[in-house]
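These are the residues of each chain, in order.
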Amino acid sequence: MPDVVAFAGHQVHVCRYREASTLLRWLGSDLRGQTVLDVAGGDGYWAGRARRRGARAVSVDLARAKMLRGAKLRHAPELVEGDALRMPLRDASVDKVLSICAIEHFDDGAAALAEMARVLKPGGELVMSADCLSRRERWPHLFAAHSRRYHVKQTYTHESLTGLLDSLGLEVLGHSYQFRGPLAERTYLSVSARGGRAGFNAAAPLAPLIALGDARSPNTRGSIVLIRARKRDAG
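Residues numbered from 1 in each chain as written. Predicted model: local features only at pLDDT ≥ 70, side-chain atom pairs only at ≥ 80, totals over all residues. Heavy atoms only, no water.

Asks: Mind showing me how you'd approach the overall build of the protein chain here?
Replies: Each helix and strand in the protein chain was counted, giving ten helices and seven strands. For the protein chain, whose C-alpha radius of gyration is 17 Å, the value lies close to the compact-globule estimate of 18 Å for 235 residues. Counting only residues that meet the buried cut, the protein chain has 52% of its 235 residues in that class. Considering only intrachain contacts with a sequence separation of at least 6, the fraction spanning at least 24 residues in the protein chain is 76%. Put simply, the protein chain shows about 10900 Å² of open surface, and 53% of that area lies on carbon and sulfur atoms. (Helix = DSSP H or I, 4+ residues; strand = E, 2+ residues; numbered from the N terminus. Rg over C-alpha atoms; globule rule 2.2 N^0.38 Å. Buried < 20%, exposed > 50% of the residue type's maximum accessible area, 1.4 Å probe, protein only. Contact = heavy atoms within 4.5 Å. Areas by Shrake-Rupley, 256 points an atom, 1.4 Å probe, with all protein chains shown as cover.)

Here you go:
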């Protein structure tokens, strides 16, 4: 039953499944012998997907109630209670870092990225997503409602993240946006502002149409930005 509930909460979702699936694809299908860290991973569901691919998977989060639920999952990762700004992990101790729409909620996103870079081994990869909401000025009331509901402190573009990551010794290998067109972006904001998780799940049947629209739109803006980066080798 915990797996069924987690599946409904994470994968029956108008954007989260496609978003997380892209990031997991960037991580790789065979993760045997690698340590994968999910930063602000909640119940550890997506880290559990990495564990299924052979990784030693670790999820760090402060939400103890979510981790207690996650411990009951069939493929539960190692669940660590800790602050993303002061993670209880050694320097250069993980092979890959995963972070799904978390950085926008932190008071200091740059500091969170610095922590991810610190624990990542040279040559290791970071795959992450963040709120962008590139057309938020068109619908300020929806953006304000979205920010209140989800405690969004800052939004990011692939350009701003590239600059931050470069300063931390990471090279961006690629990026992708989701909800790229104006209609798709307004749909995202409307659902998030008025419907929350229930609204996102109710809108799940729209996911194929949104994916098709994204494929036909320039990969330069949208509601969510996904980034893949590699830490440069020392020296």
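Once you've had a look at it, read on.
Asks: For this particular structure, what's the right way to read the sheet that holds strand S7 (residues 224–231)?
Replies: The strands that make up a sheet pair up through hydrogen bonds in the backbone, lying either parallel or antiparallel. An order of S3-S2-S1-S4-S5-S7-S6 is seen for the seven strands of this open sheet, with the pairing classed as mixed. Since the sheet does not close on itself, it has two edges, and those belong to strand S3 (78–81) and strand S6 (170–178), each with one partner. Within the sheet, the average angular offset between the axes of one strand and its neighbour, ignoring direction, is 15 degrees. Pairing between strand S5 (residues 120–131) and S7: seven bridges, direction antiparallel. Residue pairing across strands places alanine 130 opposite valine 225, the latter belonging to S7. Packed onto the sheet, helix H2 (residues 16–27) meets strand S1 (35–39), strand S4 (94–99), S5, S6 and S7 and runs at close to 15 degrees relative to S7. (Pairing = 2+ DSSP bridges. Axes fitted to C-alpha atoms, helices over the stretch in contact; angles between N-to-C directions.)

Asks: Got a minute to help me understand the UniProt feature "domain: Methyltransferase type" (unreviewed entry) in the protein chain in this structure?
Replies: Mapped onto this structure's residue numbering, the UniProt feature "domain: Methyltransferase type" (unreviewed entry) falls at residues 37–128. Spanning residues 37–128, this segment combines 28% helix with 30% strand, and its end C-alpha atoms are found 11 Å apart. (UniProt positions renumbered as here; feature names shortened; annotations may be inferred.)

Asks: Teacher, can you tell me more about unusual backbone geometry here?
Replies: Negative phi values dominate among residues other than glycine, just as trans dominates among peptide bonds. Even without a glycine there, the phi angle at alanine 40 is positive, about 60 degrees. Along the polypeptide, alanine 40 turns up in the loop between S1 and helix H3 (45–52). Since its relative accessible area comes to 28%, alanine 40 is described here as partly exposed.

Asks: What am I meant to see in the nonpolar core here?
Replies: Nonpolar side chains tend to gather and get buried jointly when the protein is soluble and globular. In terms of nonpolar packing, the biggest core is built from 33 residues, with Leu23, Leu27, Trp46, Leu98 and Tyr188 touching the most fellow members. Secondary-structure elements contributing two or more residues to this core are H2, H3, helix H6 (140–150), helix H8 (182–194) and S7. Counting residues in each nonpolar core, the second largest holds 31 residues, with Val60, Tyr177, Ile227 and Ala229 among its members. (Core = buried A, V, L, I, M, F, W, Y, C linked by side-chain atoms within 4.5 Å.)

Asks: Hey, could you run me through the packing of aromatic side chains in this one?
Replies: What describes a pair of aromatic rings is the distance from one ring centre to the other and the angle between the planes of the rings. Across all of its chains, the model carries two aromatic pairs by this definition. A ring pair is formed by tyrosine 45 and tryptophan 46, whose centres lie 5.0 Å apart and whose planes are at 85 degrees; its orientation type is edge-to-face. Looking at tryptophan 46, the relative accessible area reads 6%, which means it is buried. Residue placement shows arginine 49 over the ring face of tyrosine 45; its charged tip is 4.5 Å from the ring centre. The side chain of arginine 136 reaches across the aromatic face of phenylalanine 143, ending 5.7 Å from its centre. (Phe/Tyr/Trp six-rings, centres within 6.5 Å; stacked < 30°, edge-to-face > 60°. Lys NZ or Arg CZ within 6 Å of the ring centre and 35° of its normal.)

Asks: Which parts of the structure should I look at to understand helix H7 (residues 158–167)?
Replies: The periodicity of an α-helix, 3.6 residues per turn, causes residues three or four places apart in sequence to face the same way. Residues His158, Leu161 and Leu165 constitute the buried set of H7. Considered in projection along H7, the buried side chains sweep an arc of 65 degrees and stay on one side of the axis. Residues of H7 that are buried make contact with helix H5 (109–119), S5, S6 and S7. Glycine 169 sits one or two positions beyond H7 and adopts a positive phi of about 90 degrees. (Arc of directions from axis to C-beta.)

Asks: Please explain the pairing of strand S2 (residues 56–61) as it appears in this structure.
Replies: The side chains of a regular strand alternate, residue by residue, between the two faces of the sheet. Of all six residues making up S2, five are buried, and the element is well covered by its neighbours. Of the strand pairs in this sheet, S1 and S2 are connected by five bridges, and their pairing is parallel. Directly across from leucine 37, in S2, lies its bridge partner valine 58. Pairing of S2 with S3, which is carried by four bridges, proceeds in the parallel orientation. Looking at S3, one finds that serine 59 is bridged to leucine 79. In this fold, S2 hands off to helix H4 (residues 64–70), which returns the chain to S3; that crossover is right-handed. (Right-handed = clockwise from strand over helix to strand, strands pointing away.)

Asks: Before we go on, may I ask you to explain the packing of H6 against H8 in this structure?
Replies: Packed helices, taken two at a time, are described by their axes: the angle between them and the distance between them. Interaxial distance between H6 and H8 falls to 8 Å at its minimum, and their mutual angle equals 50 degrees. Classified by the angle between their axes, H6 and H8 sit oblique to one another. In this structure, H6 meets H8 at a crossing whose hand is left-handed. Each of His141, Leu142, Phe143, Ala145, His146, Arg149 and Tyr150 in H6 lies in contact with H8, whose residues at this interface are Arg186, Tyr188, Leu189, Ser190, Ser192, Ala193 and Arg194. Tallied by class, residues from the contact of H6 with H8 come to seven nonpolar, four polar and three charged. (Parallel < 35°, antiparallel > 145°, perpendicular 65-115°, else oblique. Left-handed = near helix turned anticlockwise from the far one by under 90°. Nonpolar A, V, L, I, M, F, W, Y, C, P; charged D, E, K, R; others polar.)

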